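Tertiary structure, described
Okay, here's what each chain looks like letter by letter:
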Amino acid sequence: MTAKLTYNSLPPEIKAIANESLGAGVLKSMFGSYAHTYHMVIKISNGEFVGFGLYHFKNVRIPGKGTKTVGVIDCVCVSTPYRKDGFGTLITFSVLRKIASYGASRVELILKTPRVEDRDGEPGVPLIGNQQVLQTLGFRRVKIQDGYFAENSKRWGYECRFCGNWPDTCKGITYVIDDDSSE
């Protein structure tokens, strides 16, 4: 039997990468806000923590079709010195393999993206995450929600690292991999 993954059980290096990538308190809020059983893929290179992917599973009832297992990628974080070296893609691919081995028939993730007006004055700031990589991996965009993270930000008191706002004003862009083309 394995122990349940909790925020307190995470190595300090993982917490530091999360704070650096998402903002102080965001990862802790995920563990505190939701009753998911989380799983994690950790990437270590030359003895250094490079990044991690956090994910969970949910069962969804489909009327007339039974139950479907859905893998949800909660976040993929890479430490700053290792960004732009393909580690985020590697971690995402590793998480997808784990989700597939569990038997999930659908994968969902929400790409956190600052509003244009929050980052417009910063040249070279891309979307957080890479939509092109997600599409190459088979994801398709299905929904955009303004202010998706605002309530959680208010509840847990964190300021977003991406938009720099409290409450968090980032959009949530939902991507899925599913053999069914309907939402």
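What comes next concerns the included structure. Here the structure is a predicted model, which means the values were calculated and not measured.

The final tally for this structure, using the stated rule, is six salt bridges. A salt bridge links Asp178 to Lys68; the shortest N-O distance between them is 3.2 Å. Here Asp178, found in strand S6 (residues 171–178), pairs with Lys68, found in strand S3 (residues 66–78); they are 110 residues apart in sequence, far enough to count as distant. Of the two residues, Asp178 and Lys68, both sit in the buried class. When the shortest N-O distance is used, the salt bridge between Arg106 and Glu108 registers 2.9 Å. Through salt bridges with shared partners, a single network forms among Lys58, Lys68, Arg106, Glu108 and Asp178.

The pairing of strand S1 (residues 39–45) with strand S2 (residues 48–62) spans seven bridges and is classified as antiparallel. Across the sheet, His39 pairs through a bridge with Tyr55, a residue of S2. Connecting S1 to the next strand, S2, in antiparallel fashion are two residues, including Asn46 with a positive phi near 50 degrees. Across twelve bridges, S2 lies against S3 in antiparallel orientation. The partner of Lys58 across the bridge, within S3, is Val70.

Further remarks concern the sheet that holds strand S4 (residues 106–113). Pairing in this open sheet of six strands is mixed, and the strands run S1-S2-S3-S4-S6-S5 from one edge to the other. Of all strands in the sheet, those bounded by a partner on one side alone are S1 and strand S5 (140–145). Going from strand to strand, the sheet's axes swing by 25 degrees on average, the running direction of each strand aside. Sheet topology note: the S5/S6 ladder contains five bridges and is antiparallel. In the sheet register, Arg140 faces S6, and the bridge partner there is Val176. Across the face of the sheet, helix H1 (residues 12–22) comes into contact with S1, S2 and S3 while running at roughly 80 degrees to S2.

Residues Leu10, Leu27, Phe31, Phe52, Leu54 and Cys75 are the most contacted members of the largest nonpolar core, which totals 23 residues. Taken together, the elements giving at least two residues each to this core come down to H1, helix H2 (26–33), S2 and S3. Dropping the residues within four chain positions of it, Leu54 is found in contact with Leu5, Leu27, Met30, Phe31, Tyr38, His39, Met40, Val72, Ile73, Asp74 and Cys75. Ranked by size, the runner-up nonpolar core spans 20 residues in total, among them Tyr55, Val95, Ile99 and Ala104.

Time to look at the environment of Phe49. Within the secondary structure layout, Phe49 lies in strand S2. What Phe49 contacts, discounting residues up to four positions off in sequence, is Pro11, Glu13, Ile14, Ile17, Ile42, Lys43, Ile44, Ser79 and Tyr82.

Moving on: helix H3 (residues 87–102). Under the 1.5 Å per step criterion, the end-to-end length of H3 is 23 Å for 16 residues, consistent within 8% with the ideal 22 Å. For H3, the full list of buried residues reads Phe87, Ile91, Thr92, Val95, Leu96 and Ile99. Contacts from the buried residues of H3 go to S1, S2, S3, S4 and S6. Within two residues after H3, Gly103 carries a phi angle of roughly 95 degrees, on the positive side.

Reading the values: rules and limits
- Residues numbered from 1 in each chain as written.
- Predicted model: local features only at pLDDT ≥ 70, side-chain atom pairs only at ≥ 80, totals over all residues.
- Heavy atoms only, no water.
- Salt bridge = Lys/Arg side-chain N within 4 Å of Asp/Glu carboxyl O.
- Helix = DSSP H or I, 4+ residues; strand = E, 2+ residues; numbered from the N terminus.
- Buried < 20%, exposed > 50% of the residue type's maximum accessible area, 1.4 Å probe, protein only.
- Pairing = 2+ DSSP bridges.
- Axes fitted to C-alpha atoms, helices over the stretch in contact; angles between N-to-C directions.
- Contact = heavy atoms within 4.5 Å.
- Core = buried A, V, L, I, M, F, W, Y, C linked by side-chain atoms within 4.5 Å.
- Expected span 1.5 Å × (residues − 1).

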